[in-house]
Each structure stands twice: as C-alpha cells, then as structure tokens.
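# Residue-level structure breakdown
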Amino acid sequence: MKSFKIDENIFWVGGIDWSLRDFHGYTTERGSTYNSYLIIDEKITLIDTVKHYLFDEFLERIKDVVDPSKIDYIVVNHVEMDHSGSLPKILKIAKNAKIITNPQGEKGLKAHYGDDLNIKVIKTKDRLSIGKDNLIFFQTPMVHWPDNMVTYLENRKILFSNDAFGQHYSSFYRFDFENPLDEIIYQAKKYYANIVLPYSQQVQTALNLLKDLEIKIIAPSHGIVWKENVSDILKEYQNWSKDPSKKKVVIVYDTMWGSTEIMAKKYYEFFENEGYEVVFMPLKTNHISDIMTEILDSSIIGIGTPTLNKQPLPSVSGFLTYLLGLNPKNKKFLVFGSYGWGGEGTKIIKENLEKYSNRVFLEEKIQYIPKEENIENLKNNIKRSLS
Ligand code: FEO
C-alpha cells in the first residue's frame, strides 16, 4: 500500500473503505475513505488517523514515507472514531508523539481512550511551528461534534478540514481533477444534507472564521482532496449553509393499496404545471439519505401516508424522524394520504411537523379510493393554499 504525495513533503496516508455501504444509517453507495496526512518537516506531523479496521494499510502507507516511530505530533481535528480509531495503535509505535487538540478534543479523547495521553491543548488561532512551516488551528465546534477543528498549514496554504468539505466516496485517485466532478459534488452534497445540515449556522461561523485565509488545497478527512475546485466547494458550502431552496418539490410517500400513490401522482402533475422541478421519491424504492439530498435545495416537501392501525405507515414515520433530526430550514410541507375510517396517519405526521415548524400549508386526506371529484378538490385546495 503506497502513500500519495499531495504536495512537496506532504502525503496522504489514509485508508480506503471500498465496501462501506452504511454510515450510521446513511447509504454510502460509493464507499468512503478516512484520510490521514503526513507532513515531513523538522517535526514529523500526522493529521488524524483512520477507522480502526484500516490500521494495517494506514501503517503501511506511513512506512512508505517515514519510520512511524519518528512521528512527533499527531493532530486530532475530531474525536469521532472514524478519525481517531487508530490512535491507540499508532501511539504504541510512535511512543514519543504528542497529541495536538483543543479543549473539547482533549475531553473527548480521554473519554474514549483514557486519561493517560500526552496532549498539548491548543485553541483557535494558536500557531505551532513544525520547522519551516507552521500549523494554525481553528476550532469549528458542532461541525459536527463539539470538538471539531480544522488545521491550516501556513506557508503551503493547505487546509486540513476534517469532516467539512468531505464526501463518502472511494476512488483510487486522490485529487478532485482526477475524478468526475459532478459525482464528487453530489457526494459532498449528500454528506452535507445527511450530516452537516443541522449545523448550518455553525458552518456559516466557520466559513467566516476562515474567510481571510488563502487556500490552495483543501484536504478533508473523507473522499478526494480539493485542488482545482477549491472555490467550487467553498461556494457550495456557502450556498448549502445559507438557504439553497429553489422552486423544487420533493414528493415522499408510501402506499398500501395505491390510493396515496394516486394522490402523489396528481400532486406531481399539479406542481409540474406550476413550473416547479418535481422529484418523486416513493419510500419503497428510495433511501431516506438519498431523499434528504434532494430535500436540501427544495422549497416544498410533500409527505404522503395511508393510515395503518391509527398510525402513519412505519416507513413514513421513520422518514419523518430522520427529517426532523436534520431540521431543514425554510421548507413548506404538504401532508396527504388515503384512509379507510380513522384517518389518523396524516394527522400524526402534521402534528409532529408542527412541533418543529409551523410551515405545514395543507393536510389533505381522501377516504379509500380517490374519485374524479376528489381529484378536482385536491387540485383546487392546493392551488388555494399556495396562493
Ligand atoms: Fe468523519 Fe464526524 O466523523
């Protein structure tokens, strides 16, 4: 397993998780990588580690560059175990290495790996000389854990951004320009929508903190390294963290006997005629993490469910739980569904949405099978609600 030079004396020594298909409930159809970087200067510095089961290939890649026992500093930008999981093992080899992290990082590392750690605690804008170059640290709390920070290599102008700007994407090739740009931007968007979205305000704070840095390379801890498209991914993060909503509807539903699906299709026709981009996502065939990716830049979300035993269908309830956790801002909701007698399904979805948002603009339900007059009413009602 070889290292990969990302700049003079700076090497990627991470691990590639080709087979990963689930990252705590998020489908990772392209696998992922856990990126670690080695800086060869007077002080040999390692930035982050890899998930525990990729330790062997990580170690081989370090050995491709340097004797790992010679590592002086290990920067922990983030405690989550996909990045710190190999820390205990590498510390057994790099016995004199000092861990560099912020106060929340220190707390998190001790909670995970015990108190017996050699840690130098830094805070935002602290500068640490490693020889010819310096590391400057910027805490980015809650993007997406309290301990998150990014590290800037001052003279080389490289930002080691950890989770920020990352993508769950595995590839033999490490740079953005060696991979299909549409795909890596899509995977960065999926990452944002499913992991970073609740912390958009903190992303804005972090972008503001970094705005005066000249950045030549962004080296995140997942996916490819941004070199030729640095401004593109910065622009996307600005957009996603502000308000990316456009004239777009995502219709999400499940159905028992096809009646809620008839309603969903009628809403599709309605929004199409009104000039919206419509994305149709039945829950039987779409994963909630793919649905969230489409929701990120939508302005209206239609949620359809029949009633089953006085409840929404479990697939719709599961989607709603996921959606409410990610808490997308500036969306309007349409709730709809067919029912037999009680009709509690749509009511429960609406009530749950209203605990978080008062932007449910219409609840529409039809008993049993939609008839021509029901369809006419459905179209008239939504027209009225939207006007
Ligand atoms: Fe990639 Fe928050 O860990």
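Within an unreviewed UniProt entry, the label attached to the protein reads MBL fold metallo-hydrolase, and the organism entered is candidate division WOR-3 bacterium. Here is the UniProt Sequence similarities (unreviewed entry) comment for the protein, exactly as written: "In the N-terminal section; belongs to the zinc metallo-hydrolase group 3 family."

Below, the discussion takes up the overall build of the protein. When you go through the protein residue by residue, the secondary structure sums to 12 helices and 23 strands. Taken along its principal axes, the extent of the C-alpha atoms in the protein is 80 × 40 × 35 Å. A total of 387 residues make up the protein; the buried ones form 57% of that total. For the protein, long-range pairs separated by at least 24 residues make up 71% of all intrachain contacts whose partners lie at least 6 apart in sequence.

A separate point is helix α10 (residues 314-326). An ideal rise of 1.5 Å per residue puts 18 Å on 13 residues; α10 measures up with 19 Å between its terminal C-alpha atoms. By the burial criterion, the buried members of α10 are Val316, Phe319, Leu320, Tyr322, Leu323, Leu324 and Leu326. Once α10 ends, the next one or two residues include Asn327, with phi positive near 50°.

Moving on, we come to the pattern of salt bridges. Under the defined criterion, the tally for this structure stands at 22 salt bridges. Lys246 serves as the salt-bridge partner of Glu277, at 3.6 Å between the closest nitrogen and oxygen. Pair noted here: Glu277 is in strand β18 (residues 277-282) and Lys246 is in the loop between α7 (230-241) and β17 (248-253), with a separation of 31 residues, a long-range link. Look at Glu277 and you get partly exposed, because its relative accessible area is 36%. In the salt-bridge network here, residues are joined through shared partners; they are Lys189, Lys246, Lys248, Glu277, Glu294 and Asp297.

Under the defined criterion, the tally for this structure stands at 15 aromatic pairs. Aromatic side chains Phe55 and Phe58 sit 6.1 Å apart centroid to centroid with 65° between the ring planes, which places their arrangement in the edge-to-face category. Taken together, the residues span about one helical turn, with Phe55 and Phe58 both in helix α1 (residues 55-63) at a distance of 3 residues. Here Phe55 and Phe58 have matching classes, each one buried. Both rings, one in Phe175 and one in Phe177, keep their centres 5.2 Å apart while their planes meet at 15°; by these two values the pair is stacked.

Bringing the pairing of strand β10 (residues 98-101) into the picture now. Bridge count for strand β9 (residues 73-75) against β10 is 3 bridges, and the pairing is parallel. Paired with Ile74 across the two strands is Ile99, which belongs to β10. Examined bridge by bridge, β10 and strand β11 (residues 119-121) share 3 bridges and lie parallel to one another. Residue pairing across strands places Ile99 opposite Ile119, the latter belonging to β11. This β-α-β element, β10 to helix α4 (residues 103-113) to β11, shows right-handed connectivity.

Here we take up the sheet that holds β18. The pairing of strands in a sheet happens through backbone hydrogen bonds and is either parallel or antiparallel. The strand order across the open sheet built from 5 strands is β18-β17-β19-β22-β23, with neighbouring strands paired in parallel fashion. Bordering the open sheet on either side are β18 and β23 (360-367), each of which pairs with just one other strand. Across this sheet, the average inter-strand angle for adjacent strands is 15°, counted without regard to direction. Relative to strand β22 (residues 332-339), strand β19 (residues 300-304) runs parallel, the two sharing 5 bridges.

What follows deals with the side chain of Ser298. Tracing the backbone through its elements, the reader meets Ser298 in the loop between α9 (288-295) and β19. In this structure the side chain of Ser298 is engaged in a polar contact, spanning 2.8 Å, whose partner is the backbone oxygen of Ile295.

Counting residues in each nonpolar core, the largest one holds 83 residues, and the members touching the most others are Trp226, Ile303, Leu323 and Leu353. The element that contributes the greatest number of residues to this core is helix α5 (residues 181-196), accounting for 8 residues. Per-domain counts for this core show at least three residues from each of domain 1 (4-240) and domain 2 (248-386). Not counting the four nearest positions on each side in its chain, Leu353 is found in contact with Ile303, Leu320, Leu323, Leu324, Phe333, Val335 and Val360. In terms of nonpolar packing, the next biggest core, distinct from the first, is built from 23 residues, Ile6, Tyr37, Phe137 and Ala219 among them.

Cut-offs applied
Residues numbered from 1 in each chain as written. Predicted model: local features only at pLDDT ≥ 70, side-chain atom pairs only at ≥ 80, totals over all residues. Heavy atoms only, no water. UniProt positions renumbered as here; feature names shortened; annotations may be inferred. Helix = DSSP H or I, 4+ residues; strand = E, 2+ residues; numbered from the N terminus. Buried < 20%, exposed > 50% of the residue type's maximum accessible area, 1.4 Å probe, protein only. Contact = heavy atoms within 4.5 Å. Expected span 1.5 Å × (residues − 1). Salt bridge = Lys/Arg side-chain N within 4 Å of Asp/Glu carboxyl O. Phe/Tyr/Trp six-rings, centres within 6.5 Å; stacked < 30°, edge-to-face > 60°. Pairing = 2+ DSSP bridges. Right-handed = clockwise from strand over helix to strand, strands pointing away. Axes fitted to C-alpha atoms, helices over the stretch in contact; angles between N-to-C directions. Polar contact = N/O pair within 3.5 Å; in protein donor to acceptor, adjacent residues only side chain to side chain. Core = buried A, V, L, I, M, F, W, Y, C linked by side-chain atoms within 4.5 Å. Domains from an automatic or database assignment.

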